Every structure is written in structure tokens, then in C-alpha cells.
Amino acid sequence: MKNIRIGTSRPYDVHIERGSLKKSGELISAVLNSKKAVIITDDTVDKLYSDTLRESLEKSGISFDIFVFPHGEQSKNIKTLSAIYNCLCDNSITRSDFLIALGGGVVGDITGFAAATFLRGIEFVQIPTTLLAQVDSSVGGKTAIDITGGKNLVGAFKQPALVICDSDTLTTLPEDELGCGMAEVIKYGMIRDENLFEICESHNIRNIHEVMDEIVSTCVDIKRQVVENDEFDRGERMLLNFGHTLGHAVEGWHNYTNYTHGMGVAAGMCMITRRFCDEKLAEKLEKCVEAYKLPISTEAPMIELLPFCAMDKKCESSSISYIVCPEIGKGEIRKTSTAEFFRLMEG
Ligand code: NAD
Ligand code: GLY
């Protein structure tokens, strides 16, 4: 068991323990006085884990309703958000009550945004059930929904009251979803931790479960350091976007269908490393990425990807920030004009 305290403007713990879903009622009661909640989850996670959560909440005397929406990114929108608000009104949720996000990053992002905005802010607890959500999206307080103009374009910073990571829940993840999370884990190794990268390198998609608790707590601790230094994403936090500028572009080029975020990040990290770093490092990263059945490049022509890069949130009117890791464990933020970035990437 490990507790990592996140020292943001609103401090909270990330509790990492196998089997902790079963005692979530007890863990929540230790940090929140309220005895009334709404669980938000998707249909896949509902079938797998709602009963365990319900039982635990009942034992702790917490009353609850549950809101279930269809799984997938296409649900992270204003329509689902509006249905969540209606459910909260139907349940007479007040500022003393709270929400529980049970699921992956989609559930966590939309629940966090509902918590940030309903009644101008109520408490929420994250119970992430994907590797990506445990190592990344549940920690740090970024919440959002997608709009027609783009992914995550409407959101808020809202730190949760508690995060409960039960790595037993990761055993039911399909291999491609596990791979998606591993793209983020490899990213943490590349930007901050050579030892973590070596763990990734010496395992693969079939045996990585053996070291899951160590991986989750190492990544959460790296995210803690970055977020504590730059909670509102004005500088150092950009490091977490290694591989993401090109990754988002590749996802966008594929119309966000049949191409996951993790695949985009993996391809993005490899393409940037090939372009800006020495060949040995690029080969090492590519070998590691391939062990998790992730792509190392894309069929999309660079010229067609670059307009998507220009729409990135890290892009100002004529400049773009991107991340390069000249050595494993040492990420650097670089900023250049969009025109120069285009020239460098096309070259
Ligand atoms: P997701 O929530 O869609 O989960 C992926 C799939 O796995 C879904 O179909 C889900 O039903 C299923 N699933 C979840 N847990 C499961 C389990 N234990 N067993 C079996 N199936 C399970 O996607 P994700 O990859 O977790 O998150 C992606 C989202 O996170 C994106 O919307 C992205 O924008 C967001 N994100 C946010 C942040 C942040 O800082 N807030 C960071 C990274 C990504
Ligand atoms: N996932 C990037 C961040 O939290 O900043």
C-alpha cells in the first residue's frame, strides 16, 4: 500500500493498493464527512466494478445513486454532461454531497468537470480503472469535455478530494487499453526517470502486470512533482506532453477513430526522438514501444499532420512548444515559431 500526498492548492492523497476498491467507502469516509454521493461510470465499468463499490459504500453508510453512460470518447460531450446535471438535480445534490468517478479518463474528465461546475463546485473522488487514468488523468486536476471544435477544449482545473488506485481492476483491461496506458508510462520514463524506462524495457505487454503497483506509484510520484511545481500548466507541466503534439495530430488525422490516444503518443514520442535525437536513443525507444504493441510512426504524411499541430493547445499565435528528451530521463521544453517547427519536422 502506498499513499502519495499531492501538494496542490487543494492537497489530497492518491491511495495505491491492490483490492482497495473493496474498501473505498472506508477510505472516502476518512476524508469526506458527506454521506450522499452520485457514482458516475460507463456501461463497461458498471458491469465489472459497480457492485463492489456499491457494497463498500453501503457498509460505510454512504447513500448513492448511479449514472451510467455508454463507454468511449464519443460520450465525453455536452449531451452527457447535461444528463449528469439533470441526474444531480433529480437527486437533490447539494454542495455538501459529492461525486465518484468510477472508470477511465473519459469518466474521470467529465465527472471532474461536472464537479467543478455544478453549484459552482462540489467535491469528487476519482477511482480510476484504466492504466492511463491511474498514472495520468486522475491526478493533477485537469477536467474537460470535447466539443465540435476539438478534444478537451472546454474544461476546468478541479482537484479531487481523493484518488483510489486499485491495480486489481487493471487485470480486466483489454490489451490495447493496457498498451495505451503504457505509452504514458514510457513517457514518464523518458522525461524524468531512467530506472522506470528500464523497467518498461525489460518487460512487455504480457508480463507488465507483475510490476504494476511499482509502475503506478512511480508515475504518480513523477506527476506529483510536476503538478506541484506548475499546477496551472504555465511551464514545467508541458513536459507531460512529450509525444502529445504530434500524437494529437495523428489522432486528429485519423478522425479519432481506430487510433487511440496511446497509439498517437507512442508514435509522436518516436517521431520527435528520431528527428531531434541520436539514432541509438531513437532505436531504444522504438524497441520499448513495440514491446507494448504500439506504433513507432504513422502513415500520415507530415505535411498533413502539421495543420493539426497548429491547433494544439500548446500553440500560441505563431509559436509552438514541444518536448524533446536528448537523454532518457531528461525531458526539455523547446519553443519555436510554428513555421520553424514545420520546417524541422518536414526536413
Ligand atoms: P476510457 O475512459 O474511454 O477507457 C477506455 C476503455 O476501457 C473504455 O471502453 C472503458 O469502458 C474501458 N475500461 C475502463 N476500465 C476498464 C477495466 N478495468 N476493465 C475493462 N475495461 C475497462 O479511456 P482512457 O484511455 O482511460 O482515458 C482517455 C481519456 O482521458 C481521454 O478523453 C483523454 O482526453 C483523457 N485524459 C485526460 C487527462 C487529464 O489530465 N485529465 C490526461 C490524459 C488523458
Ligand atoms: N496529462 C497532462 C497533464 O495532466 O498535464
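Summary of the structure given here. If you're wondering where the values come from, they're calculated on a predicted model, not measured in any experiment. All residue numbers refer to position in the chain's written sequence, counted from 1. Following the order in which they are written, the chains are lettered starting with A and the ligands numbered starting with 1. Local features in a predicted model are, by the rule used here, given only for residues with pLDDT of at least 70; side-chain atom pairs are given and counted only at 80 or more, and totals for whole chains, interfaces and linings are based on all residues. Side-chain figures throughout are based on the complete set of non-hydrogen atoms in the structure, without hydrogens or water.

1. Some thoughts on the sheet that holds strand 3 (residues 36–42)
Pairs of strands are assigned from DSSP output, requiring at least two bridges between the strands. Secondary structure is summarised from DSSP: a helix means a run of H or I of at least four residues, a strand means a run of E of at least two, and numbering begins at the N terminus for each. Read across the open sheet, the seven strands follow the order 1-2-9-6-5-3-4; overall the sheet is mixed. One side of each edge strand has no neighbouring strand; the edge strands of this open sheet are strand 1 (2–6) and strand 4 (63–69). When the angles between neighbouring strand axes are averaged without regard to direction, this sheet yields 20°. The pairing of strand 1 with strand 2 (residues 12–16) spans five bridges and is classified as antiparallel. If you follow Ile6 over to strand 2, its bridge partner there is Tyr12. Along the sheet, helix 4 (residues 105–117) makes contact with strand 3, strand 4, strand 5 (98–103) and strand 6 (123–128), crossing strand 5 at roughly 170°. Whether two residues are in contact is decided by their heavy atoms: any pair within 4.5 Å suffices. Axes here mean lines fitted to C-alpha atoms, for a helix over just the part in contact, with angles spanning 0 to 180 degrees between N-to-C directions. Relative to strand 1, helix 8 (residues 212–229) is tilted by about 10°, and along the sheet it contacts strand 1, strand 2 and strand 9 (162–165).

2. Some points on the packing of helix 6 (residues 175–192) against helix 8
Here helix 6 crosses helix 8 at 55°, and the two axes come no closer than 10 Å. Classified by the angle between their axes, helix 6 and helix 8 sit oblique to one another. Between helix 6 and helix 8 lies a crossing of left-handed hand. Of the residues in helix 8, those touching helix 6 at Leu178, Met182, Val185, Tyr188 and Arg192 are Met212, Ile215, Cys219, Ile222, Lys223, Gln225 and Val226. Its residues assigned to classes, the contact of helix 6 with helix 8 comprises nine nonpolar, one polar and two charged. Any angle that falls under 35 degrees is termed roughly parallel, while one over 145 is termed roughly antiparallel, one within 65 to 115 roughly perpendicular, and all others oblique. By convention, the crossing between two helices is left-handed when the near helix turns anticlockwise from the far helix through less than a right angle, and right-handed when the turn is clockwise. When residue character is reported, Ala, Val, Leu, Ile, Met, Phe, Trp, Tyr, Cys and Pro are called nonpolar, Asp, Glu, Lys and Arg charged, and the others, Gly included, polar.

3. Remarks on empty space enclosed by the protein
Once rolled over the atoms, a probe with the size of a water molecule shows which space is left empty. Lining residues are defined by having an atom within 4 Å of a point belonging to a cavity or pocket. Those points lie on a 1 Å grid over the protein atoms alone, cavities being sets where a 1.4 Å probe fits but cannot get out and pockets being open sets with protein on both sides within 12 Å along at least five of seven lines. Grid points are joined across faces, edges and corners, and a volume is the space filled by probe spheres set on the points. Applying the stated rule across the entire model yields one cavity of 30 Å³ or more. Roughly 50 Å³ of volume is contained in the largest cavity. Around the largest cavity, the lining residues are Asn241, Gly243, His244, Thr245, Leu246, Ile272, Tyr322, Ile323 and Phe341. Sorting elements by how many residues they give to the lining of the largest cavity places helix 9 (residues 244–253) first, with three residues. Tallied by class, the residues present in the lining of the largest cavity amount to five nonpolar, four polar and no charged.

4. Side note on the nonpolar core
Residue types Ala, Val, Leu, Ile, Met, Phe, Trp, Tyr and Cys, when buried and joined through side-chain atoms within 4.5 Å, form a set referred to as a nonpolar core. For every residue, the accessible area obtained with a 1.4 Å probe (protein chains only) is divided by the maximum for its type, and the residue is called buried under 20%, exposed over 50%, and partly exposed between those limits. Residues Val14, Leu131, Val185, Ile186, Met190, Ile215 and Tyr292 are the most contacted members of the largest nonpolar core, which totals 70 residues. It is helix 6 that contributes the most residues to this core, eight residues altogether. Setting aside residues up to four positions removed in sequence, Tyr292 forms contacts with Gly179, Met182, Ile186, Ile199, Cys200, His203, Asn204, Ile205 and Ile208. In this structure, Cys87, Ile93, Val106 and Val107 belong to the second largest nonpolar core, which totals 21 residues.

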